[in-house]
Amino acid sequence: MKRIKNRSWAEPYKIKMVEPLFMNTRQQREKFLMDAGYNTFLLKSRDVYIDLLTDSGTSAMSDRQWAGIMMGDESYAGSENFYHLEETVQNYYGYKHIIPTHQGRAAEHIISQILIKKGDFLPGNMYFTTTRLHQELAGGTFVDVIVDEAHDANSEFKFKGNINLEKLENLIKEKGADKIPYVCMATTVNMAGGQPISMQNLKELRKLTSKYGIKIIHDMTRVAENAYMIQQLEEGYAKKTCAEIVREICDLTDAATMSAKKDALVNIGGFLAVNDYAVFEKARNMVVIYEGLHTYGGMAGRDMEALAIGITESVNDDHIQARVGQVMYLGNKLIQAGVPVVKPIGTHGVFLNAREILPHVSQDNFPAQALAAEIYLDSGVRAMERGVVSAGRNIKTGLHNYPKLELVRLTIPRRVYTQAHMDVIAESVEYVYQNAHKIKGLKMVYEPKYLRFFQARFEPVI
Ligand code: F0G
(Lines give C-alpha, C1' and ligand atoms only; values in the text may rest on other atoms or scores of the structure.)
Protein backbone atom coordinates (compact mmCIF):
# COMPACT_ATOMS: atom_id res chain seq x y z
CA MET A 1 0.00 0.00 0.00
CA LYS A 2 1.45 3.40 -0.93
CA ARG A 3 1.61 5.80 1.98
CA ILE A 4 -0.17 9.14 1.62
CA LYS A 5 2.35 11.92 2.16
CA ASN A 6 2.26 13.58 5.62
CA ARG A 7 0.27 10.74 7.17
CA SER A 8 1.74 8.39 9.79
CA TRP A 9 2.99 4.94 8.95
CA ALA A 10 1.90 1.98 11.04
CA GLU A 11 3.08 -1.57 11.41
CA PRO A 12 1.79 -3.75 8.52
CA TYR A 13 0.83 -6.54 10.94
CA LYS A 14 -1.18 -7.16 14.08
CA ILE A 15 0.03 -8.97 17.18
CA LYS A 16 -1.13 -12.56 17.72
CA MET A 17 1.03 -13.63 20.66
CA VAL A 18 2.84 -11.67 23.35
CA GLU A 19 5.89 -12.32 25.51
CA PRO A 20 5.71 -10.62 28.93
CA LEU A 21 8.69 -8.48 29.89
CA PHE A 22 10.45 -8.61 33.26
CA MET A 23 10.52 -5.36 35.24
CA ASN A 24 13.09 -4.66 37.95
CA THR A 25 14.40 -1.85 40.17
CA ARG A 26 17.51 0.30 39.92
CA GLN A 27 18.87 -1.35 43.05
CA GLN A 28 18.52 -4.80 41.45
CA ARG A 29 20.11 -3.55 38.23
CA GLU A 30 23.15 -2.25 40.13
CA LYS A 31 23.84 -5.80 41.30
CA PHE A 32 23.10 -7.39 37.89
CA LEU A 33 25.46 -4.96 36.20
CA MET A 34 28.26 -5.54 38.68
CA ASP A 35 27.85 -9.32 38.30
CA ALA A 36 28.09 -8.85 34.52
CA GLY A 37 31.41 -6.98 34.78
CA TYR A 38 29.74 -3.82 33.37
CA ASN A 39 29.47 -5.58 30.01
CA THR A 40 25.93 -5.65 28.63
CA PHE A 41 26.77 -8.86 26.72
CA LEU A 42 27.13 -10.65 30.06
CA LEU A 43 23.72 -9.65 31.45
CA LYS A 44 21.02 -12.29 31.66
CA SER A 45 18.18 -11.55 29.29
CA ARG A 46 15.63 -11.92 32.11
CA ASP A 47 17.32 -8.97 33.84
CA VAL A 48 16.76 -6.75 30.79
CA TYR A 49 13.58 -4.71 30.22
CA ILE A 50 13.93 -3.57 26.59
CA ASP A 51 16.65 -5.42 24.72
CA LEU A 52 18.46 -3.32 22.12
CA LEU A 53 21.70 -5.29 22.25
CA THR A 54 21.32 -6.40 18.66
CA ASP A 55 18.99 -6.86 15.73
CA SER A 56 20.64 -10.25 15.17
CA GLY A 57 18.43 -13.29 15.65
CA THR A 58 15.95 -11.17 17.61
CA SER A 59 13.20 -10.72 15.01
CA ALA A 60 9.61 -11.79 15.57
CA MET A 61 8.72 -14.39 12.95
CA SER A 62 5.40 -14.22 11.10
CA ASP A 63 2.63 -16.80 11.36
CA ARG A 64 3.70 -17.93 7.85
CA GLN A 65 7.22 -18.57 9.07
CA TRP A 66 5.97 -20.50 12.10
CA ALA A 67 3.79 -22.56 9.77
CA GLY A 68 6.96 -23.19 7.74
CA ILE A 69 8.68 -24.47 10.87
CA MET A 70 6.05 -27.23 10.99
CA MET A 71 6.98 -28.17 7.44
CA GLY A 72 10.57 -28.98 8.35
CA ASP A 73 11.97 -31.93 6.44
CA GLU A 74 14.68 -33.11 8.80
CA SER A 75 16.42 -35.48 6.41
CA TYR A 76 20.17 -35.58 6.63
CA ALA A 77 20.57 -35.21 2.87
CA GLY A 78 18.51 -33.41 0.23
CA SER A 79 15.91 -31.83 2.52
CA GLU A 80 12.91 -30.36 0.72
CA ASN A 81 13.47 -27.11 2.61
CA PHE A 82 16.97 -26.75 1.17
CA TYR A 83 15.60 -26.73 -2.36
CA HIS A 84 12.99 -24.15 -1.39
CA LEU A 85 15.71 -21.98 0.14
CA GLU A 86 17.98 -22.42 -2.87
CA GLU A 87 15.21 -21.43 -5.25
CA THR A 88 14.31 -18.39 -3.12
CA VAL A 89 17.93 -17.17 -3.00
CA GLN A 90 18.21 -17.63 -6.76
CA ASN A 91 14.93 -15.78 -7.40
CA TYR A 92 15.38 -12.85 -5.04
CA TYR A 93 19.15 -12.40 -4.98
CA GLY A 94 20.15 -13.99 -8.27
CA TYR A 95 23.22 -15.88 -7.04
CA LYS A 96 23.65 -19.26 -8.72
CA HIS A 97 24.89 -21.50 -5.92
CA ILE A 98 24.12 -21.50 -2.22
CA ILE A 99 25.69 -23.16 0.80
CA PRO A 100 23.69 -22.90 4.03
CA THR A 101 25.67 -22.10 7.20
CA HIS A 102 24.65 -21.77 10.82
CA GLN A 103 25.16 -17.98 10.64
CA GLY A 104 27.07 -15.27 8.80
CA ARG A 105 30.52 -15.75 10.31
CA ALA A 106 30.64 -19.36 9.13
CA ALA A 107 30.17 -18.16 5.55
CA GLU A 108 32.90 -15.55 6.16
CA HIS A 109 35.21 -18.27 7.42
CA ILE A 110 34.70 -20.44 4.34
CA ILE A 111 35.09 -17.69 1.74
CA SER A 112 38.14 -16.23 3.55
CA GLN A 113 39.89 -19.61 3.63
CA ILE A 114 39.17 -20.22 -0.05
CA LEU A 115 40.07 -16.84 -1.53
CA ILE A 116 42.72 -15.30 0.75
CA LYS A 117 46.44 -16.14 0.59
CA LYS A 118 48.96 -15.09 3.22
CA GLY A 119 50.09 -11.51 2.54
CA ASP A 120 46.89 -10.47 0.72
CA PHE A 121 45.02 -7.20 1.30
CA LEU A 122 41.28 -6.98 1.78
CA PRO A 123 39.74 -3.57 1.14
CA GLY A 124 36.29 -2.96 2.57
CA ASN A 125 33.71 -0.27 3.34
CA MET A 126 34.77 -0.24 7.00
CA TYR A 127 35.34 -3.40 8.95
CA PHE A 128 32.94 -5.72 10.71
CA THR A 129 34.35 -7.55 13.74
CA THR A 130 33.93 -11.17 12.62
CA THR A 131 34.58 -10.43 8.94
CA ARG A 132 37.93 -8.78 9.65
CA LEU A 133 39.00 -11.48 12.07
CA HIS A 134 38.36 -14.22 9.50
CA GLN A 135 40.35 -12.25 6.92
CA GLU A 136 43.22 -11.95 9.39
CA LEU A 137 43.07 -15.61 10.42
CA ALA A 138 43.39 -16.51 6.72
CA GLY A 139 46.60 -14.42 6.52
CA GLY A 140 45.12 -11.22 5.03
CA THR A 141 45.21 -7.59 6.11
CA PHE A 142 42.04 -5.53 6.13
CA VAL A 143 42.23 -2.04 4.57
CA ASP A 144 39.49 0.52 5.19
CA VAL A 145 38.48 2.26 1.95
CA ILE A 146 35.18 3.76 3.03
CA VAL A 147 34.55 7.47 2.33
CA ASP A 148 35.96 9.81 5.01
CA GLU A 149 32.47 11.07 5.88
CA ALA A 150 31.74 7.65 7.41
CA HIS A 151 34.22 8.34 10.20
CA ASP A 152 32.58 11.67 11.03
CA ALA A 153 29.52 11.15 13.23
CA ASN A 154 28.22 14.63 12.34
CA SER A 155 28.56 14.47 8.57
CA GLU A 156 25.07 14.37 7.03
CA PHE A 157 26.30 12.75 3.81
CA LYS A 158 23.49 10.50 2.56
CA PHE A 159 25.58 7.52 1.50
CA LYS A 160 28.20 7.08 4.19
CA GLY A 161 28.54 3.42 3.17
CA ASN A 162 30.18 4.45 -0.13
CA ILE A 163 33.66 3.35 -1.07
CA ASN A 164 36.31 5.95 -1.84
CA LEU A 165 37.30 4.66 -5.26
CA GLU A 166 40.44 6.75 -5.40
CA LYS A 167 41.68 5.20 -2.14
CA LEU A 168 40.86 1.76 -3.55
CA GLU A 169 42.62 2.34 -6.86
CA ASN A 170 45.71 3.70 -5.05
CA LEU A 171 45.80 0.54 -2.95
CA ILE A 172 45.51 -1.65 -6.06
CA LYS A 173 48.38 0.25 -7.72
CA GLU A 174 50.52 0.14 -4.59
CA LYS A 175 50.05 -3.55 -3.70
CA GLY A 176 49.20 -5.03 -7.11
CA ALA A 177 45.87 -6.55 -8.14
CA ASP A 178 47.20 -10.08 -7.57
CA LYS A 179 47.45 -9.27 -3.84
CA ILE A 180 43.78 -8.24 -3.64
CA PRO A 181 41.49 -11.25 -4.08
CA TYR A 182 38.33 -9.25 -3.47
CA VAL A 183 36.72 -6.12 -2.12
CA CYS A 184 34.34 -6.75 0.77
CA MET A 185 31.29 -4.55 0.20
CA ALA A 186 28.66 -4.43 2.94
CA THR A 187 25.13 -3.26 2.28
CA THR A 188 24.48 -0.91 5.09
CA VAL A 189 27.66 -0.52 7.04
CA ASN A 190 27.02 -1.66 10.58
CA MET A 191 30.04 -0.08 12.27
CA ALA A 192 29.46 3.28 10.55
CA GLY A 193 25.99 3.47 12.07
CA GLY A 194 23.91 1.42 9.64
CA GLN A 195 24.76 3.62 6.66
CA PRO A 196 23.88 2.72 3.04
CA ILE A 197 25.98 2.52 -0.11
CA SER A 198 24.51 4.14 -3.24
CA MET A 199 23.83 2.24 -6.45
CA GLN A 200 25.93 4.78 -8.33
CA ASN A 201 28.95 4.03 -6.11
CA LEU A 202 28.42 0.30 -6.44
CA LYS A 203 28.24 0.55 -10.24
CA GLU A 204 31.51 2.50 -10.28
CA LEU A 205 33.05 -0.06 -7.92
CA ARG A 206 32.02 -2.83 -10.30
CA LYS A 207 33.68 -1.02 -13.20
CA LEU A 208 36.92 -0.44 -11.30
CA THR A 209 37.19 -3.97 -9.91
CA SER A 210 36.39 -5.53 -13.32
CA LYS A 211 39.22 -3.52 -14.85
CA TYR A 212 41.65 -5.21 -12.47
CA GLY A 213 39.99 -8.63 -12.31
CA ILE A 214 39.09 -8.25 -8.63
CA LYS A 215 35.95 -9.85 -7.18
CA ILE A 216 33.28 -8.12 -5.07
CA ILE A 217 32.13 -10.16 -2.08
CA HIS A 218 28.88 -8.75 -0.79
CA ASP A 219 28.13 -8.80 2.92
CA MET A 220 24.38 -8.80 2.30
CA THR A 221 23.33 -8.98 5.94
CA ARG A 222 21.11 -5.87 5.68
CA VAL A 223 20.63 -5.60 1.91
CA ALA A 224 16.89 -4.88 2.01
CA GLU A 225 17.45 -1.95 4.36
CA ASN A 226 20.11 -0.59 2.02
CA ALA A 227 17.75 -1.02 -0.93
CA TYR A 228 15.08 0.94 0.94
CA MET A 229 17.48 3.87 1.45
CA ILE A 230 18.36 3.83 -2.27
CA GLN A 231 14.63 3.87 -3.07
CA GLN A 232 14.10 6.85 -0.75
CA LEU A 233 17.21 8.88 -1.54
CA GLU A 234 18.77 8.06 -4.89
CA GLU A 235 17.65 9.62 -8.13
CA GLY A 236 15.87 7.23 -10.45
CA TYR A 237 14.90 4.67 -7.80
CA ALA A 238 11.72 6.11 -6.25
CA LYS A 239 9.46 4.00 -8.46
CA LYS A 240 11.38 0.73 -8.14
CA THR A 241 10.39 -1.84 -5.55
CA CYS A 242 12.71 -2.81 -2.77
CA ALA A 243 12.86 -6.33 -4.27
CA GLU A 244 13.99 -4.94 -7.64
CA ILE A 245 16.69 -2.82 -6.02
CA VAL A 246 17.94 -5.75 -3.91
CA ARG A 247 18.32 -7.80 -7.09
CA GLU A 248 20.13 -4.99 -8.87
CA ILE A 249 22.64 -4.74 -5.98
CA CYS A 250 23.30 -8.48 -5.94
CA ASP A 251 23.71 -8.60 -9.73
CA LEU A 252 26.64 -6.17 -9.43
CA THR A 253 28.58 -8.55 -7.17
CA ASP A 254 30.23 -11.97 -7.48
CA ALA A 255 29.34 -13.71 -4.24
CA ALA A 256 27.75 -12.99 -0.88
CA THR A 257 27.94 -13.86 2.78
CA MET A 258 24.65 -13.60 4.62
CA SER A 259 23.81 -13.45 8.28
CA ALA A 260 20.13 -14.27 7.84
CA LYS A 261 19.54 -13.37 11.49
CA LYS A 262 19.02 -9.73 10.51
CA ASP A 263 17.22 -8.69 7.34
CA ALA A 264 15.86 -12.14 6.60
CA LEU A 265 13.77 -12.32 9.78
CA VAL A 266 14.95 -15.59 11.30
CA ASN A 267 16.45 -16.38 14.68
CA ILE A 268 19.33 -18.44 13.31
CA GLY A 269 20.86 -19.10 9.91
CA GLY A 270 23.01 -17.80 7.11
CA PHE A 271 24.56 -18.78 3.83
CA LEU A 272 27.34 -18.32 1.35
CA ALA A 273 26.12 -17.63 -2.19
CA VAL A 274 28.44 -17.64 -5.20
CA ASN A 275 28.30 -17.46 -8.97
CA ASP A 276 31.67 -19.04 -9.74
CA TYR A 277 31.33 -22.83 -9.93
CA ALA A 278 34.97 -23.48 -8.99
CA VAL A 279 34.58 -21.47 -5.77
CA PHE A 280 31.28 -23.20 -5.07
CA GLU A 281 32.90 -26.60 -5.41
CA LYS A 282 35.58 -25.73 -2.87
CA ALA A 283 33.04 -24.20 -0.49
CA ARG A 284 30.75 -27.21 -0.77
CA ASN A 285 33.67 -29.38 0.22
CA MET A 286 34.70 -27.17 3.13
CA VAL A 287 31.22 -26.86 4.57
CA VAL A 288 31.14 -30.56 5.39
CA ILE A 289 34.19 -30.13 7.62
CA TYR A 290 32.97 -27.15 9.59
CA GLU A 291 29.17 -27.02 9.37
CA GLY A 292 27.41 -30.07 7.97
CA LEU A 293 26.35 -31.59 4.67
CA HIS A 294 26.01 -29.05 1.84
CA THR A 295 22.21 -29.36 1.78
CA TYR A 296 21.83 -28.17 5.37
CA GLY A 297 25.11 -26.53 6.39
CA GLY A 298 24.53 -25.64 10.01
CA MET A 299 20.74 -25.43 9.80
CA ALA A 300 17.77 -27.62 10.63
CA GLY A 301 15.32 -28.20 7.76
CA ARG A 302 12.65 -26.16 9.57
CA ASP A 303 15.03 -23.22 9.93
CA MET A 304 15.78 -23.26 6.20
CA GLU A 305 12.02 -23.13 5.55
CA ALA A 306 11.53 -20.16 7.91
CA LEU A 307 14.43 -18.44 6.15
CA ALA A 308 13.02 -18.97 2.66
CA ILE A 309 9.76 -17.37 3.79
CA GLY A 310 11.62 -14.64 5.72
CA ILE A 311 13.51 -13.60 2.59
CA THR A 312 10.25 -12.98 0.71
CA GLU A 313 8.86 -10.93 3.62
CA SER A 314 12.06 -8.93 4.07
CA VAL A 315 11.90 -7.27 0.67
CA ASN A 316 8.23 -6.33 0.96
CA ASP A 317 7.93 -2.53 0.69
CA ASP A 318 5.37 -2.14 3.50
CA HIS A 319 7.52 -4.21 5.85
CA ILE A 320 10.74 -2.38 5.16
CA GLN A 321 9.14 1.05 5.39
CA ALA A 322 7.73 0.30 8.84
CA ARG A 323 10.97 -1.34 9.98
CA VAL A 324 13.19 1.57 9.04
CA GLY A 325 10.40 4.01 9.97
CA GLN A 326 10.51 2.82 13.58
CA VAL A 327 14.29 3.33 13.76
CA MET A 328 13.90 6.84 12.28
CA TYR A 329 11.15 7.63 14.80
CA LEU A 330 13.48 6.91 17.72
CA GLY A 331 16.40 8.67 16.07
CA ASN A 332 14.45 11.83 15.33
CA LYS A 333 13.11 11.93 18.88
CA LEU A 334 16.66 11.86 20.24
CA ILE A 335 17.82 14.50 17.75
CA GLN A 336 14.94 16.75 18.88
CA ALA A 337 16.05 16.26 22.50
CA GLY A 338 19.55 17.41 21.53
CA VAL A 339 21.26 14.06 22.21
CA PRO A 340 24.39 13.63 20.03
CA VAL A 341 23.77 10.74 17.62
CA VAL A 342 25.32 9.56 14.36
CA LYS A 343 23.66 11.36 11.48
CA PRO A 344 21.92 10.54 9.26
CA ILE A 345 20.03 7.94 11.30
CA GLY A 346 20.96 4.45 10.06
CA THR A 347 18.55 1.68 9.23
CA HIS A 348 18.96 -0.88 12.03
CA GLY A 349 19.56 1.29 15.05
CA VAL A 350 20.36 4.65 16.52
CA PHE A 351 24.02 5.15 17.38
CA LEU A 352 24.80 7.49 20.30
CA ASN A 353 27.97 9.54 19.97
CA ALA A 354 29.71 8.70 23.25
CA ARG A 355 32.64 10.98 22.44
CA GLU A 356 30.36 14.00 22.55
CA ILE A 357 28.16 12.75 25.36
CA LEU A 358 31.20 12.00 27.57
CA PRO A 359 33.90 14.42 26.39
CA HIS A 360 35.60 14.16 29.80
CA VAL A 361 36.18 10.36 29.54
CA SER A 362 39.27 9.30 27.55
CA GLN A 363 39.11 6.33 25.16
CA ASP A 364 41.33 4.42 27.60
CA ASN A 365 38.37 4.50 29.98
CA PHE A 366 35.93 3.15 27.38
CA PRO A 367 33.31 5.92 27.14
CA ALA A 368 30.83 3.95 25.03
CA GLN A 369 31.04 0.92 27.31
CA ALA A 370 30.41 3.19 30.31
CA LEU A 371 27.47 4.89 28.59
CA ALA A 372 25.82 1.57 27.71
CA ALA A 373 26.21 0.50 31.37
CA GLU A 374 24.61 3.74 32.60
CA ILE A 375 21.60 3.43 30.29
CA TYR A 376 21.00 -0.08 31.61
CA LEU A 377 21.21 1.20 35.19
CA ASP A 378 18.72 3.96 34.48
CA SER A 379 15.99 1.99 32.75
CA GLY A 380 16.91 -1.64 32.09
CA VAL A 381 17.40 -0.85 28.40
CA ARG A 382 20.29 -2.93 27.08
CA ALA A 383 22.49 -1.39 24.37
CA MET A 384 25.87 -2.34 22.87
CA GLU A 385 29.30 -0.72 22.78
CA ARG A 386 30.70 -0.01 19.31
CA GLY A 387 33.92 1.81 20.07
CA VAL A 388 37.40 1.05 21.33
CA VAL A 389 36.41 -2.22 23.02
CA SER A 390 34.84 -3.57 19.80
CA ALA A 391 37.81 -2.31 17.72
CA GLY A 392 40.16 -4.67 19.62
CA ARG A 393 43.93 -4.56 19.40
CA ASN A 394 46.25 -4.13 16.45
CA ILE A 395 47.31 -7.64 15.49
CA LYS A 396 50.98 -6.54 15.01
CA THR A 397 51.60 -3.95 17.75
CA GLY A 398 49.21 -5.31 20.37
CA LEU A 399 47.99 -1.77 21.16
CA HIS A 400 44.31 -0.78 21.28
CA ASN A 401 42.84 0.22 17.93
CA TYR A 402 41.44 3.69 18.69
CA PRO A 403 38.49 4.18 16.31
CA LYS A 404 37.25 7.68 15.52
CA LEU A 405 33.72 6.51 16.18
CA GLU A 406 33.04 5.79 19.85
CA LEU A 407 29.41 4.73 19.78
CA VAL A 408 26.62 3.08 21.73
CA ARG A 409 24.24 1.21 19.49
CA LEU A 410 20.53 1.13 20.29
CA THR A 411 19.67 -1.68 17.89
CA ILE A 412 16.03 -2.21 17.06
CA PRO A 413 14.85 -5.82 16.64
CA ARG A 414 12.45 -6.29 13.73
CA ARG A 415 8.69 -6.47 14.45
CA VAL A 416 9.28 -6.82 18.22
CA TYR A 417 8.73 -3.50 20.01
CA THR A 418 6.09 -0.79 19.69
CA GLN A 419 6.24 2.98 19.41
CA ALA A 420 5.56 3.23 23.16
CA HIS A 421 8.76 1.28 23.78
CA MET A 422 10.59 3.78 21.58
CA ASP A 423 9.25 6.62 23.76
CA VAL A 424 10.46 4.94 26.97
CA ILE A 425 13.91 4.40 25.44
CA ALA A 426 14.16 8.01 24.29
CA GLU A 427 13.23 9.34 27.74
CA SER A 428 15.89 7.22 29.44
CA VAL A 429 18.65 8.17 26.98
CA GLU A 430 17.76 11.83 27.33
CA TYR A 431 17.95 11.60 31.13
CA VAL A 432 21.32 9.84 31.04
CA TYR A 433 22.60 12.47 28.58
CA GLN A 434 21.59 15.29 30.89
CA ASN A 435 23.44 13.65 33.79
CA ALA A 436 26.43 12.43 31.77
CA HIS A 437 28.95 14.62 33.62
CA LYS A 438 28.63 12.20 36.58
CA ILE A 439 29.92 9.21 34.53
CA LYS A 440 33.63 8.57 35.11
CA GLY A 441 34.41 5.66 32.79
CA LEU A 442 35.60 2.09 33.27
CA LYS A 443 38.81 0.10 33.44
CA MET A 444 39.15 -3.34 31.83
CA VAL A 445 39.93 -6.08 34.33
CA TYR A 446 39.59 -9.14 32.06
CA GLU A 447 40.31 -9.29 28.34
CA PRO A 448 39.79 -12.35 26.15
CA LYS A 449 42.07 -12.84 23.14
CA TYR A 450 39.51 -12.77 20.33
CA LEU A 451 36.48 -10.45 19.85
CA ARG A 452 37.00 -9.11 23.34
CA PHE A 453 33.80 -7.04 23.47
CA PHE A 454 31.72 -10.19 23.92
CA GLN A 455 33.33 -11.35 27.17
CA ALA A 456 35.55 -8.56 28.60
CA ARG A 457 34.92 -7.46 32.20
CA PHE A 458 35.18 -3.96 33.62
CA GLU A 459 35.12 -2.02 36.88
CA PRO A 460 34.16 1.62 37.41
CA VAL A 461 36.91 4.20 37.71
CA ILE A 462 36.57 5.80 41.13
N1 F0G B 1 28.30 -8.93 8.88
C2 F0G B 1 27.61 -7.94 9.48
C3 F0G B 1 27.46 -6.63 8.79
C4 F0G B 1 27.04 -8.16 10.74
O5 F0G B 1 26.35 -7.18 11.32
C6 F0G B 1 27.19 -9.42 11.37
C7 F0G B 1 26.66 -9.67 12.70
C8 F0G B 1 27.93 -10.41 10.70
C9 F0G B 1 28.47 -10.13 9.45
C10 F0G B 1 28.18 -11.77 11.31
O11 F0G B 1 27.05 -12.53 11.26
O12 F0G B 1 26.49 -12.90 13.69
O13 F0G B 1 25.42 -14.24 11.87
O14 F0G B 1 27.78 -14.61 12.45
N15 F0G B 1 26.29 -8.78 13.45
C16 F0G B 1 25.67 -8.92 14.76
C17 F0G B 1 25.42 -7.57 15.35
C18 F0G B 1 26.37 -9.83 15.70
O19 F0G B 1 24.93 -7.51 16.49
O20 F0G B 1 25.65 -6.55 14.69
P21 F0G B 1 26.67 -13.64 12.39
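How each quantity is defined
- Residues numbered from 1 in each chain as written.
- Predicted model: local features only at pLDDT ≥ 70, side-chain atom pairs only at ≥ 80, totals over all residues.
- Heavy atoms only, no water.
- Helix = DSSP H or I, 4+ residues; strand = E, 2+ residues; numbered from the N terminus.
- Rg over C-alpha atoms; globule rule 2.2 N^0.38 Å.
- Buried < 20%, exposed > 50% of the residue type's maximum accessible area, 1.4 Å probe, protein only.
- Contact = heavy atoms within 4.5 Å.
- Areas by Shrake-Rupley, 256 points an atom, 1.4 Å probe, with all protein chains shown as cover.
- Pairing = 2+ DSSP bridges.
- Arc of directions from axis to C-beta.
- Near = heavy atom within 4 Å.
- Polar contact = N/O pair within 3.5 Å; in protein donor to acceptor, adjacent residues only side chain to side chain.
- Nonpolar A, V, L, I, M, F, W, Y, C, P; charged D, E, K, R; others polar.
- Domains from an automatic or database assignment.
- Buried area = accessible area lost by both parts, 1.4 Å probe.
- Salt bridge = Lys/Arg side-chain N within 4 Å of Asp/Glu carboxyl O.
- Expected span 1.5 Å × (residues − 1).
- Axes fitted to C-alpha atoms, helices over the stretch in contact; angles between N-to-C directions.
- Parallel < 35°, antiparallel > 145°, perpendicular 65-115°, else oblique.
- Left-handed = near helix turned anticlockwise from the far one by under 90°.

Draft legend 1. Spotlight on the overall build of the chain. Counting its secondary structure elements, the chain contains 16 helices and 14 strands. In terms of overall dimensions, the chain is globule-like: its C-alpha atoms have a radius of gyration of 21 Å, near the 23 Å expected for 462 residues. Projected onto the principal axes, the alpha-carbon positions of the chain cover approximately 60 × 55 × 45 Å. Here the chain holds 462 residues, and the buried ones make up 58% of them. A separation of at least 24 residues holds for 73% of the contacts in the chain among residues at least 6 apart in sequence. When the accessible surface of the chain is summed, it comes to about 20000 Å², and 52% of that surface belongs to carbon and sulfur atoms.

Draft legend 2. Structural context of the pairing of strand β2 (residues 97–101). Of all five residues in β2, five are buried; the element is thus mostly enclosed. Every second residue of β2 is oriented toward a common face, with H97, I99 and T101 on one face and I98 and P100 on the other, all of them buried. As judged from the five bridges shared by β2 and strand β8 (residues 270–274), these two strands associate in the antiparallel manner. For I98, the partnering residue across the bridge sits in β8 and is A273.

Draft legend 3. Quick peek at the environment of Q200. Within the secondary structure, Q200 sits in helix α7 (residues 199–212). Between the alpha carbons of Q200 and E235 there is a distance of 9.6 Å; along the sequence they are 35 residues apart.

Draft legend 4. Expanded view of helix α6 (residues 165–175). Within the span of α6, buried status applies to L165, L168, E169, L171 and I172. What you see down the axis of α6 is that its buried residues fit within an arc of 155°, all on one side. Within α6, the exposed residues directed more than 90 degrees away from the buried face are E166, K173 and E174. Where the residues of α6 are buried, they touch β3 (121–124), β4 (141–144), β5 (182–186) and α7. G176, located one to two residues past α6, shows a positive phi value of around 95°.

Draft legend 5. Region of interest: the site of the ligand. Near the ligand lie 17 residues; those nearest to it are T54, R105, D219, S259 and K262. Interatomic distance of 2.8 Å between a side-chain N/O atom of R409 and an oxygen atom of the ligand. The protein chains hide 95% of the 470 Å² of surface that the ligand would expose on its own. The greatest single-element share of the shell around the ligand, amounting to three residues, is contributed by helix α4 (residues 104–115). Taken together, the residues that form the shell around the ligand break down as two nonpolar, eight polar and seven charged.

Draft legend 6. Here's a closer look at the domain arrangement of the chain. In terms of domain boundaries, the chain breaks down into domain 1 (26–55 + 317–460) and domain 2 (63–314). Using only C-alpha atoms to locate each centre, domain 1 and domain 2 end up separated by 26 Å. Across the boundary between the two partners, domain 1 contributes 35 residues, which contact 43 residues of domain 2. In total, about 2900 Å² of surface goes out of reach between domain 1 and domain 2, with carbon and sulfur atoms giving 55% of it. By the criterion of area lost to domain 2, the three top residues of domain 1 are I320, K343 and L405, representing 18% of everything that side buries. In this assembly, domain 1 and domain 2 are joined by four salt bridges. For E225, the salt bridge goes to R323, with nearest N and O atoms at 2.6 Å. Here domain 1 is connected to domain 2 by 17 residue pairs in polar contact (both at pLDDT 80 or more). Among the secondary structure elements, those contributing two or more residues to the side of domain 1 that touches domain 2 are α12 (317–336), β9 (349–353), α15 (388–391) and β12 (407–411).

Draft legend 7. Region of the structure containing helix α3 (residues 80–92). If you check α3, its first and last C-alpha atoms are 19 Å apart, about what 13 residues at 1.5 Å a residue would give, namely 18 Å. Taken residue by residue, α3 has N81, F82, L85, T88 and V89 as its buried positions. One side of α3 holds all its buried residues, which, seen down the axis, span an arc of 130°. Buried residues along α3 sit in contact with β2, β8 and α11 (301–314). Capping the start of α3 is the job of one residue whose side-chain oxygen sits 3.1 Å from the backbone nitrogen of N81: S79. Immediately beyond the C-terminal end of α3, within one or two residues, lies G94, with a positive phi of roughly 85°.

Draft legend 8. Geometry of the packing of α3 against α11. Following both chains from N to C, one finds α3 and α11 inclined at 25°, their axes separated by 8 Å at the closest point. Classified by the interaxial angle, the pair formed by α3 and α11 is roughly parallel. Taken as a pair, α3 and α11 cross one another with a handedness that is left-handed. Contact residues: N81, F82, H84, L85, T88, V89 and Y92 in α3; G301, R302, M304, E305, L307, A308, I309, I311 and T312 in α11. Of the residues belonging to the contact of α3 with α11, the class tally is nine nonpolar, five polar and two charged.

Draft legend 9. View of the environment of E385. Mapped onto the secondary structure, E385 falls in strand β11 (residues 384–386). Exposure remark for E385: the relative accessible area of 4% places this residue in the buried category. C-alpha separation for the pair E385 and F351, spaced 34 residues apart in sequence, amounts to 9.6 Å. Dropping the residues within four chain positions of it, E385 is found in contact with A368, Q369, S390, E406 and L407. At a separation of 3.0 Å, a polar atom in the side chain of E385 contacts the main-chain amide nitrogen of G387. A polar atom in the side chain of E385 sits 2.8 Å from the side chain of S390.

Draft legend 10. Structural context of the packing of α7 against helix α9 (residues 242–251). Look at α7 against α9: their axes get within 10 Å of each other, and the N-to-C directions meet at 20°. Judged on the interaxial angle alone, α9 and α7 are roughly parallel. Note that α7 runs across α9; the crossing there is left-handed. Across the interface between the two elements, M199, L202 and K203 of α7 pack against I245, E248 and I249 of α9. Residues that form the contact of α7 with α9 fall into these classes: four nonpolar, no polar and two charged.

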